[in-house]
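Here are the chains, one letter per residue:
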Amino acid sequence: MQKQTDSTLYSEDLAPIPLNKRTWGTWNYAALWISMSLCIPTYMLASSLIQGGMNWWQSILTILLGNSIVLIPMILNGRAGAKYGIPFPVFARASFGVRGANIPAMLRAVIACGWFGIQTWIGGFALYQMVKLWIPDIDSFPQIFPASWSLQTGPALMFFLFWLLNMYVVHLGVDSIKKLLVFKAFFLPAAALALLGWAISAGHGLGPILSQPSKFKSTSEFWTFFFPSLTGMVGFWATLSLNIPDFTRYAKSQRAQVMGQAIGLPTSMTLFSFIGVVVTSATFIIYGQTIWDPVVLAGKFDSKLLVSIAMIAVALSTLATNIAANIVSPANDFANLSPSKINFKTGGYITGVIGILIFPWKLIADPSGYIFTWLVGYSGLLGPIGGIMIADYYFIRRQQLNVTALYHQKGIYTFNNGFNRMAVYALLLGILPNIPGFLTITGIISKEAAWPWLVDLYSYAWFVGFFISGLTYLAMMQSQRAAINKHLSIEEGELNVSIN
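These numbers come from a predicted model, not from an experiment. (Residues numbered from 1 in each chain as written. Predicted model: local features only at pLDDT ≥ 70, side-chain atom pairs only at ≥ 80, totals over all residues. Heavy atoms only, no water.)

A. View of the overall build of the protein. Looking only at helices and strands, the protein features 22 helices and zero strands. Computed over its C-alpha atoms, the radius of gyration of the protein comes to 23 Å, within 12% of the 23 Å expected for a compact globule of 500 residues. Projected onto its principal axes, the C-alpha coordinates of the protein cover approximately 70 × 50 × 45 Å. Out of the 500 residues in the protein, the part that is buried amounts to 56%. In the protein, of all internal contacts separated by at least 6 residues, the share reaching a separation of at least 24 is 84%. Element-wise, carbon and sulfur atoms account for 67% of the exposed surface of the protein, whose accessible area totals about 20900 Å². Between the mean site of the 29 positive side-chain charges and the mean site of the 18 negative ones, the protein shows a separation of 6 Å. (Helix = DSSP H or I, 4+ residues; strand = E, 2+ residues; numbered from the N terminus. Rg over C-alpha atoms; globule rule 2.2 N^0.38 Å. Buried < 20%, exposed > 50% of the residue type's maximum accessible area, 1.4 Å probe, protein only. Contact = heavy atoms within 4.5 Å. Areas by Shrake-Rupley, 256 points an atom, 1.4 Å probe, with all protein chains shown as cover. Lys, Arg positive; Asp, Glu negative; His and termini not counted. Charge placed at Lys NZ, Arg CZ, Asp CG, Glu CD.)

B. Focus on the packing of aromatic side chains. Counted under the stated rule, the structure contains 35 aromatic pairs. Ring plane angle 55° and centroid distance 5.1 Å describe the contact between Trp24 and Tyr29, whose orientation is recorded as tilted. Accessibility expressed as a relative area gives 1% for Tyr29, which makes it buried. Taking the centre distance of 5.7 Å and the plane angle of 75° together, the rings of Phe159 and Trp361 count as edge-to-face. (Phe/Tyr/Trp six-rings, centres within 6.5 Å; stacked < 30°, edge-to-face > 60°.)

C. The arrangement of helix H3 (residues 56-84) in detail. Between its first and last C-alpha, H3 extends 42 Å over 29 residues, near the 42 Å set by a 1.5 Å rise per residue. One side-chain oxygen of the residue at the start of H3 lies 3.4 Å from the amide nitrogen of Trp57, identifying that residue as Asn55. Just beyond H3, the residue with positive phi is Gly85, at close to 75°. (Expected span 1.5 Å × (residues − 1). Polar contact = N/O pair within 3.5 Å; in protein donor to acceptor, adjacent residues only side chain to side chain.)

D. Examining the nonpolar core more closely. Judged by nonpolar contacts, the single largest core of 135 residues is most densely connected at Trp115, Trp237, Tyr370, Trp374 and Leu401. By residue number, the principal contributor to this core is helix H18 (residues 367-396), which donates 14 residues. (Core = buried A, V, L, I, M, F, W, Y, C linked by side-chain atoms within 4.5 Å.)

E. Structural context of the pattern of salt bridges. Applying the stated criterion across every chain, the model contains two salt bridges. Two residues, Arg108 and Asp246, come together in a salt bridge whose shortest N-O distance is 3.3 Å. In this pair, Arg108 sits in helix H5 (residues 102-134) while Asp246 sits in helix H11 (residues 245-248), placing the two residues 138 residues apart along the sequence. A salt bridge links Asp392 to Arg397, with the shortest nitrogen-to-oxygen separation between them at 2.8 Å. For the pair Asp392 and Arg397, a shared accessibility class is recorded, and that class is buried. (Salt bridge = Lys/Arg side-chain N within 4 Å of Asp/Glu carboxyl O.)

F. Structural detail: unusual backbone geometry. The phi torsion at Ser150 lies on the positive side, around 55°, for a residue other than glycine. In this structure, Ser150 sits in the loop between H5 and helix H6 (153-172). Residues other than glycine seldom take positive phi values, yet Gln399 does so here, at roughly 60°. Structurally, the position occupied by Gln399 is in the loop between H18 and helix H19 (421-431).

G. Quick peek at the packing of helix H2 (residues 40-52) against helix H9 (residues 219-236). Remark: H2 packs on H9, axes separated minimally by 12 Å, with the N-to-C direction vectors making an angle of 180°. Between H2 and H9, the crossing angle belongs to the class labelled roughly antiparallel. Here H2 contributes Pro41, Thr42, Leu45, Ser48, Leu49 and Gly52 to the contact with H9, which in turn contributes Phe225, Ser229, Met233 and Phe236. Here the contact of H2 with H9 is composed, by residue class, of six nonpolar, four polar and no charged. (Axes fitted to C-alpha atoms, helices over the stretch in contact; angles between N-to-C directions. Parallel < 35°, antiparallel > 145°, perpendicular 65-115°, else oblique. Nonpolar A, V, L, I, M, F, W, Y, C, P; charged D, E, K, R; others polar.)

H. Structural detail: the confidence of the model for the protein. Looking at the protein as a whole, the pLDDT averages 85, with 91% of positions reaching at least 70. The secondary-structure element of the protein with the lowest mean pLDDT is helix H15 (residues 328-337), recorded at 74, while H19 shows the highest, at 97. (pLDDT = per-residue confidence, 0-100.)

I. Examining empty space enclosed by the protein more closely. Counting across every chain of the model gives one cavity of 30 Å³ or more. Put simply, the largest cavity is a space of about 40 Å³. Every residue lining the largest cavity is listed: Cys39, Ile40, Pro41, Gln119, Leu188, Ser317, Thr318 and Thr321. Elements with a contribution of two residues or more to the lining of the largest cavity: H2 and helix H14 (304-326). Looking at the lining of the largest cavity, the element that brings in the most residues is H14, giving three residues. (1 Å grid on protein atoms, 1.4 Å probe; cavity = no way out; pocket = protein on both sides within 12 Å on 5 of 7 lines; lining within 4 Å. Points joined across faces, edges and corners; volume = space filled by probe spheres on them.)

J. Geometry of a nonpolar patch on the surface. On the surface, Leu429, Leu432, Ile435 and Ile468 cluster together to form a nonpolar patch covering roughly 310 Å² of accessible area. Structurally, Ile435 is set in helix H20 (residues 435-441). (Patch = residues over 30% accessible without salt bridge, like charges linked within 9 Å, V, L, I, M, F, W, Y side chains within 5 Å.)

K. Examining the environment of Tyr287 more closely. Relative to the assigned elements, Tyr287 resides in helix H12 (residues 254-287). For the pair Tyr287 and His408, spaced 121 residues apart in sequence, the C-alpha separation works out to 62 Å.

L. Representation of the side chain of Gln58. Its location among the elements puts Gln58 in helix H3. Setting aside chain neighbours within four positions, we find Gln58 in contact with Ser214, Phe216 and Phe222.

M. Fine view of the packing of H2 against H3. Two numbers describe how H2 lies on H3: the axes approach to 9 Å, and their chain directions differ by 135°. Overall, the two elements H2 and H3 adopt an arrangement that is oblique. Crossing geometry of H2 relative to H3 is assigned as right-handed. On the side of H2, the interface is formed by Ala46, Leu49 and Ile50, while H3 contributes Trp56, Ser59, Thr62 and Ile63. Grouping the amino acids of the contact of H2 with H3 by side-chain chemistry returns five nonpolar, two polar and no charged. (Left-handed = near helix turned anticlockwise from the far one by under 90°.)

The following block contains the structure:
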């Protein structure tokens, strides 16, 4: 394979995984999703729905439905990785071109930078809650940031301290995080169950907690909140629905990745979210206010020692998740732009800087920012990419790829100078309808300045982008379909890297 490839497109990390090295079975994928689902943002996902006005069953149903929907593109894109053993950036070359694949890779990378910032803020704020118990004067530090930043000095110092710790781990290399990932696997489930037990006990049983009514005054009010929330639930894993081939390339069979994901994703997200729903509902009974942030909630406990242990554990767990989920992928994406100039560490540092510039403390300051601005906003970018890749693989190429050509500058995936203009046009057309809604939600323009019906489309951003881009791409590529089928061939040497 390597002799037939271009050195600018091929590396050992991007090479197809041979059949004899594919060792992941059903339970490996189930365990992967259980591990990734058990994180503070998942808890906050459910809590934000309660804070936004839903009751417990409305929240759980929304989360279950959203994760069941995103499971579909997850499995569909995962098939290519399992069949050919190729990662996401290589798979994207089939539809966007050998150079154009950098477009979806960079969009995914920037969003991962945002998640890095959010996780870093959560870890830093956990340290702040601990320090505040022992050094109360941290709240009296003079304000050094502009008021428009909405950033107090005390939390900011802990955020930057935790950020530096993340960057130090990047400097050491990702191998240093393995022990922390093991710690997370044991700590978070135990901590979640302990928090659930406390909520049930302090809230006088599940009955009073689950009887908390919805805050919506009318059915129309509920639907207005439900649809963007559902889009947000889909958006939560929209990034992974694209780069899932990075994981399914190790699958023993198609059944392993399909069953493993079906078992692991909806169930673990729903169960862990249920804990978030119960605890958040209990806070209203216990404190008279809904507290959707578990770090803020832990800070209300009386025992200094208990809070300190909990906050250190949250910080360590967040550090492990952050490096594994939000540094490795974008660092490699940035390095892929110019392998000779950007190595993994440099890519990690770029991720860290962008993670600060995105102002993560504002994104999770309230549920509306977390759902309507962050989750729904970036789903409008990723939905179109998913629609294009699925349309290309299943309807244009009928699940047949020439693996050698994916690693060559001159071949059927070269298109025009390495870019498939049809994919780029379809991507833009899928993104455009969601821009007015995003500008309105962020306050850049007023709703009156745009067509109201166009603004309302934003509530369905992922779905709108997915179908517009997918269908547009199909229509524009029909003229090239015959040529693609004529030139597409699966070479004999490539049959040993694919499974059906």
